[in-house]
Amino acid sequence: MLFTSSKTTMVTPERALSGRTEPLRLTDKHYVLGTPLRPPYPAGLEVAVFGLGCFWGAERLFWNLDGVYTTAAGYAGGYTANPTYEEVCSGKTGHAEAVQVVYDPAKTSYADLLKIFWEAHDPTQEMRQGNDVGTQYRSAIFVTSDAQRALADATAASFGSVLRSAGYGAVATEIAPLGEFYFAEEYHQQYLAKVPHGYCGLAGTGQTCSVGVAKTE
């Protein structure tokens, strides 16, 4: 397979598409959980955002977790306002396909979410996950607090050691503050619940991240 530099090289802010002022149309409710997709969310809940390849399979991982209030597929880490899927796939927005997870920290922890994140994909792959190639498929953690940043950095280091011992390369995951999370189009939301046999290219390394005590329903 030929990987072109335009697909795997991040666009600069100056060359990014300009986007639009209005957000993409979206229904109000989560297809599986029945909870609101957009804020405001109930008091006491926290938000985490991850990029681990195609967001269809990634979102399903998190909506099945006990303590998760709602999830959404979207775009993060780029420059273009309210981008479309086609624009993100062009590599000209800088965004990664991402999943927003709104969760109750009394029922599940950020460490639980990180465990799922690290184990569900290969964080040593740069600008791709398997056959999904491009900057939009990069591994990324978009943090919303200093506490999230500290735990993301710590788990990257510890899981990186596990991966190196197993013969993998260095962790390539981007860890950066969350700027704006843009909700993806309606048909992307909870896609694998609507299309149960749809595509999911997620594949982990088979290694265990020793953080969190995640429980799935």
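Residues numbered from 1 in each chain as written. Predicted model: local features only at pLDDT ≥ 70, side-chain atom pairs only at ≥ 80, totals over all residues. Heavy atoms only, no water.

Asks: Would you mind showing me how to read the packing of aromatic side chains here?
Replies: Aromatic rings in a pair are described by how distant their centres are and how their planes are angled relative to each other. Counted by the stated rule, this structure contains 10 aromatic pairs. Pairing Tyr41 with Tyr69 gives two aromatic rings, centres 6.3 Å apart and planes at 75°, and the pair type is edge-to-face. Placement of the pair is Tyr41 in the loop between α1 (5–8) and β1 (46–52) and Tyr69 in strand β2 (residues 68–76), with a sequence separation of 28 residues. By relative accessible area, Tyr41 is classed as buried at 18%. (Phe/Tyr/Trp six-rings, centres within 6.5 Å; stacked < 30°, edge-to-face > 60°. Helix = DSSP H or I, 4+ residues; strand = E, 2+ residues; numbered from the N terminus. Buried < 20%, exposed > 50% of the residue type's maximum accessible area, 1.4 Å probe, protein only.)

Asks: Could you clarify how one ought to interpret the side chain of Glu97 in this entry?
Replies: Along the chain, Glu97 turns up in strand β3 (residues 96–103). Dropping the residues within four chain positions of it, Glu97 is found in contact with Phe50, Gly51, Leu52, Gly53, Cys54, Phe55, Gly74, Tyr85, Gln136 and Tyr137. (Contact = heavy atoms within 4.5 Å.)

Asks: Sorry, what's going on with the pattern of salt bridges here?
Replies: A pair can form between side chains of opposite charge whenever their charged atoms are brought close. The full count for this structure, using the stated rule, is 5 salt bridges. The shortest N-O distance in the salt bridge between Arg20 and Glu87 comes to 2.8 Å. Of the two residues, Arg20 is situated in the loop between α1 and β1 and Glu87 in helix α3 (residues 85–89); the sequence distance between them amounts to 67 residues. Relative accessible area serves as the criterion here: at 17%, Glu87 is assigned to the buried category. Glu186 serves as the salt-bridge partner of Lys194, at 3.3 Å between the closest nitrogen and oxygen. For Glu186, a relative accessible area of 26% puts it in the partly exposed group. (Salt bridge = Lys/Arg side-chain N within 4 Å of Asp/Glu carboxyl O.)

Asks: Before we go on, may I ask you to explain the sheet that holds β3 in this structure?
Replies: Strand pairing in a sheet relies on backbone hydrogen bonds. The paired strands run either parallel or antiparallel. If you walk across this open sheet you meet the 6 strands as β7-β6-β1-β3-β2-β8, and the pairing is mixed. Looking at which strands have only one partner, the edges of the open sheet turn out to be β7 (174–177) and β8 (182–183). The sheet contact formed by β2 and β3 spans 8 bridges and is antiparallel. Paired with Gly74 across the bridge in β3 is Ala98. Of the strands in this sheet, β1, β2 and β3 touch helix α2 (residues 55–63), which is tilted by about 160° from β2. (Pairing = 2+ DSSP bridges. Axes fitted to C-alpha atoms, helices over the stretch in contact; angles between N-to-C directions.)

Asks: I tried to follow the nonpolar core on my own but got confused; where do I start?
Replies: Side chains of a nonpolar character, in soluble globular proteins, are inclined to be buried together. Phe50, Phe55, Phe62, Tyr110, Leu113, Trp118 and Ile141 are the most contacted members of the largest nonpolar core, which totals 39 residues. Ranked by residues supplied to this core, first place goes to helix α4 (residues 110–120) with 8 residues. (Core = buried A, V, L, I, M, F, W, Y, C linked by side-chain atoms within 4.5 Å.)

Asks: Teacher, can you tell me more about α2 here?
Replies: Given 3.6 residues per turn, any residue in an α-helix points the same way as the ones three and four places further on. Judged by how many residues are buried, α2 sits mostly within the fold: 7 of 9 residues are covered. When we look at burial in α2, the residues that qualify are Phe55, Trp56, Gly57, Ala58, Glu59, Phe62 and Trp63. On its buried side, α2 packs onto β1, β2, α3, β3, α4 and α6 (191–194).

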